[in-house]
Structures are given as structure tokens and as C-alpha cells.
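Tertiary structure, described
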Amino acid sequence: MHDASSPTHSPVPPGSGPSGSGPSGSGPSGPGPSGALPPEPLAHGLKQRHLTMLGLGGVIGAGLFVGSGAGIAVAGPAIVVSYLIAGTLAMLVMRMLGEMSAAMPASGSFSVYAERALGRWAGFSVGWLYWFLLVVVLAVEATAAAQIAHAWVPAVEPWLWVLLFMVVFTVANLAAVKNFGEFEFWFAALKVTAIVVFLALGLLAVFGVLPDTDPVGLTNLTGQGGFLPNGWGGVVSGVLTVVFAFGGLEVLTIAAAETDDPARAVGRAVRSAVVRILFFYVGSMLVIVTVLPWTAQRAGLSPYVKVLDAIGVPSAGQIMNIVVFVALLSALNANLYGSSRMVFSLAERGEAPRALLKVSGNGAGGVPRRAVLASVSFGFASVLLNLRWPDSVFLYLLNSVGAVLLFVWGLIAASQLRLRRRLEREAPGALALRMWCFPYLTWLTLAALPAVLLLMLTDDAARPQVLWSAGATGLVLLVAAVRELRARRA
């Protein structure tokens, strides 16, 4: 274990490492002959089961259980195609990220790889943007979970619920990384179980096996305007609505650095997670639009509740409220974990205050406590803004991170494109998990992401997110450029 109060390595000038891309530390100079990174001063408290369930449950959240209703409303039964397209894009990005993470596990994940592949500006920019994204979205999740809890216990004000959630998960993340793993394991297990049961009940309803049900057949897929009631334009609108529901898988590769065998763990987790998640998402949508007419769905209302009510499941609304509540707490926990590890990695590479490098001793699990507290502090600030100015100040913050995920995915693809060639030359044995059809699918992904952004600009609802996110990204890039100029003059 390295001295927790100081960086594990001192920075070196850009161009001095094997890859000539940046300073040393957790994310600096590129893979050496073995492709491995310096050891992290963090505990290896996560097990394979934690990582696998994190991969399965990381993106199964309120966006699927509630937000999918908006996608069905614009695409009709063709929402299945929308999810297939968005899920495939997310699966390609995760495969690329999995390749790099298996070869070079790091707590900063894609921020570290961007720095190695493209330079310090890229690692700095994507790391801080992702951190900002997590601490802002954390406020949405905490507030939404508090509203559900307040409905159950009206005597307790929502702000008290928010305080309780934040304190509980802060304490859990400060204690030991295995606590985060256990929380996420059981949260993910409940979400996965809920979807499996839903799929089973839905299939039984489709074939008329359940009591008081008749076989549905394909009537709802071909009626009410057909499979494409709003044409391919509806499919595209559906993609724009659902693509961000796949955000969250990135935390899987951040967590891999805190397992006993990171390369093997991330490889297994990525292989199993991407296909199963695609199955859960697309399978769920297929069941929903088969059991009920797509015209029965409304934005803001859970299509899962509609289906469960239709097939006679008692208290369907309350059951889904519990599942959504757990999904929100799961996302809150994962975002707090991911944001703390990202800012810790930035500090390791000299891109964040060095005071955040303090790591607890072996007895407490090797946790970056100051990084956790810094992230939760900004999380609390975001929550206060959400509670006080939900339709003004906080709305601007939320819009400013609305499209950041696509920027992150784009840098992941660009990093993989460059690092794959480098690894093939310097450390071919480190490529335990390989991107499919390289480099063709990587280029396809790089072309698809700007296309999604351009389509968002044509959509009245999505345009503010693109513009505000572009402004936030431009600001961070400007800071990165100023830092680069100062570094060169020094």
C-alpha cells in the first residue's frame, strides 16, 4: 500500500513516457511493455459477483421503469427498434471500454485512457465533465426517491428523506468499498428479479396462460397505425429519448480497479452485462407493446404499471414504486462511488487538488475519503439547488450535463482507436478482451455519436440540452487549454 497522503508517482513532463501523452500516476504516460498501470492505493474489496451485478443493474433504473413511456409515445411499437439501436451503440462503447479496462485497469477508467491516447487535455476534460454529470444527476435521484418516500410517510418532509439518503450512502462509501459492492449487489438483484418476473408474466399474458386472459397475438404490434405509426422519424425520436437510459455502465470499469483480478473481472462482467442488459431492455419493450396498444402509454407514467394492472397483478403501482425507489437509491449509491473515484484519479494525475489523495488505512479498507466527501458536498449543493430552484438554476445545471454522456462515449471510442494499435505493438498479451471488427465498428460508433447530437439539435425538447452541454464542455476545454499553455511555459 502506497503512502496515502501523497501521490503514488510524481508528475513528469508530457512526452516523457512511452506513449508521450502526459504525466505519470494513475493515468499518465501510456502502457509500458506489459500494458499495466502502476498499482492503485485503493482496497481490492470488490468481488466478481459485485462487478457482475453492478454491470447488470447499473443501467436498470427509473429511466427504464418510468422514462420508457415517453419513448413508446413517440415511436409506438417501433420503440423496440429504438432500444435495439441505442442498446447496440451502448454495447459497442462498453466493449471498447472493456478492452481498455481489461488491459489497463484504473480507477479513473476512460479519463485515464483518454489522457494516454489523446493527451492531458482529454483526460482532464472528460474526467471533470463526467464528475460534474454524476453529482448533478445525483440530486435528481435523491429528490425523486425522497418524493416516493414522502408519499409513503407524509409526516416526514422530503428534505429530511434526502438528508437521510445522503448520510446513509456517504457513511457506506466512507467505510469500505465492499459496502458499496454489497449495496449494489442487492439493489441490482432486486431490479433484475423484477424484470425477469415482469418478462415471465408478460409472456404468459401474451399467450393467454394467465387467468382471465386471452392470447394477444400480434394485434397490438400491427394495429393502431401499424408497427411504425410515426414512421422512421418516430424511431429516431425514440432513440433520442432512450439512449441516455444506458448511461451508468461506465461505473463498472471504474469499479474493476478495486477487484483482486481486475483484468479478468472486467472482462467477464462486460461480456455478460452488455448482452443481458440489451435483452432486458429490448425484451421488456417487446412485452409492453405486445400486451397493450402503444396508444395506452403516456409520458411520465410507468408502462410497467400499465401492463401489470392490465394482467391483474394486485397493487401493481405500489410494487413498481418500490422497484423504482430501489433503482433510484442504487443509482445514487453508484454515482457517489463513481464520482469519488473519478476525482481521486484526477488528483493522482495532478488534475485535481492533491488534498483529495488521502486514502484511509488498511483497517478501514483503503477508501479515498476526502474524494468521497468532496463529491457528496457538491451532491448536497446540487440537491439544495434542486429543492430551492428546480425550474430555474437547477434546470440549467441539468441541461448543461444532458448531452455530456455522448461526449464521454465519443472520447472512449477515440481513445480505444489509438490505444488498441499501441497495445498491439507494445503489449499484445494484455488484450484479453478485444473490440469486435476493429477498427470498423469503432469508426461506425464515432460517426454515430455526432449524428445523434445533430438529431438532438433538430428536436425542440432536446436542443437546450445540446446547447447547454456544449457550453459546459467548451468551458472545460478552455480551462484544459489554459492549463496546457501554462504547463508549456513553465
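Check the entry above for the structure.
These figures come from a predicted structure and were not determined experimentally.

1. Focus on the overall build of the protein chain
Helix and strand counts for the protein chain come out as 19 helices and zero strands. Over its C-alpha trace the protein chain gives a radius of gyration of 22 Å, about what one expects of a compact globule, namely 23 Å for 490 residues. When the backbone C-alpha atoms are referred to their principal axes, the protein chain occupies close to 75 × 55 × 40 Å. Per-residue burial over the protein chain gives 58% buried out of 490 residues. A separation of at least 24 residues holds for 79% of the contacts in the protein chain among residues at least 6 apart in sequence. Within the structure as shown, the protein chain displays about 18,800 Å² of accessible surface, and the carbon and sulfur contribution to it stands at 67%. Looking at charge distribution, the protein chain has the averaged site of its 31 positive side-chain charges lying 8 Å from that of its 23 negative ones.

2. Some words on the packing of helix H3 (residues 68–75) against helix H10 (residues 231–242)
As a packed pair, H3 and H10 sit with axes 8 Å apart at the nearest point and diverge in direction by 170°. As the angle between them shows, H3 and H10 are arranged roughly antiparallel. Contacts between H3 and H10 involve Ala-70, Gly-71, Val-74 and Ala-75 from the former and Gly-234, Val-235, Ser-237, Gly-238, Thr-241 and Val-242 from the latter. In terms of residue class, the contact of H3 with H10 is built from five nonpolar, five polar and no charged.

3. With respect to empty space enclosed by the protein
Evaluated as defined, the whole model comprises three cavities of 30 Å³ or more. Around the largest cavity, the lining residues are Arg-120, Trp-121, Phe-124, Glu-351, Ala-480, Arg-483, Glu-484 and Ala-487. Elements that contribute at least two residues to the lining of the largest cavity include exactly helix H6 (120–152) and helix H19 (463–489). Here the lining of the largest cavity takes four residues from H19, the largest share from any one element. Classifying every residue of the lining of the largest cavity gives four nonpolar, no polar and four charged.

4. Let's talk about the pattern of salt bridges
Taken as a whole and assessed by the stated rule, the structure comprises nine salt bridges. Measuring nitrogen to oxygen at the nearest pair gives 3.7 Å for the salt bridge that ties Arg-421 to Glu-424. Linking Arg-421 with Glu-424, this pair stays in helix H17 (residues 404–426), spanning three residues, or about one helical turn. With relative accessibility at 31%, the residue Glu-424 sits in the partly exposed group. One salt-bridge network, held together by shared partners, links Glu-99, Arg-420, Arg-421 and Glu-424.

Here is what the cut-offs are and how they apply
Residues numbered from 1 in each chain as written. Predicted model: local features only at pLDDT ≥ 70, side-chain atom pairs only at ≥ 80, totals over all residues. Heavy atoms only, no water. Helix = DSSP H or I, 4+ residues; strand = E, 2+ residues; numbered from the N terminus. Rg over C-alpha atoms; globule rule 2.2 N^0.38 Å. Buried < 20%, exposed > 50% of the residue type's maximum accessible area, 1.4 Å probe, protein only. Contact = heavy atoms within 4.5 Å. Areas by Shrake-Rupley, 256 points an atom, 1.4 Å probe, with all protein chains shown as cover. Lys, Arg positive; Asp, Glu negative; His and termini not counted. Charge placed at Lys NZ, Arg CZ, Asp CG, Glu CD. Axes fitted to C-alpha atoms, helices over the stretch in contact; angles between N-to-C directions. Parallel < 35°, antiparallel > 145°, perpendicular 65-115°, else oblique. Nonpolar A, V, L, I, M, F, W, Y, C, P; charged D, E, K, R; others polar. 1 Å grid on protein atoms, 1.4 Å probe; cavity = no way out; pocket = protein on both sides within 12 Å on 5 of 7 lines; lining within 4 Å. Points joined across faces, edges and corners; volume = space filled by probe spheres on them. Salt bridge = Lys/Arg side-chain N within 4 Å of Asp/Glu carboxyl O.

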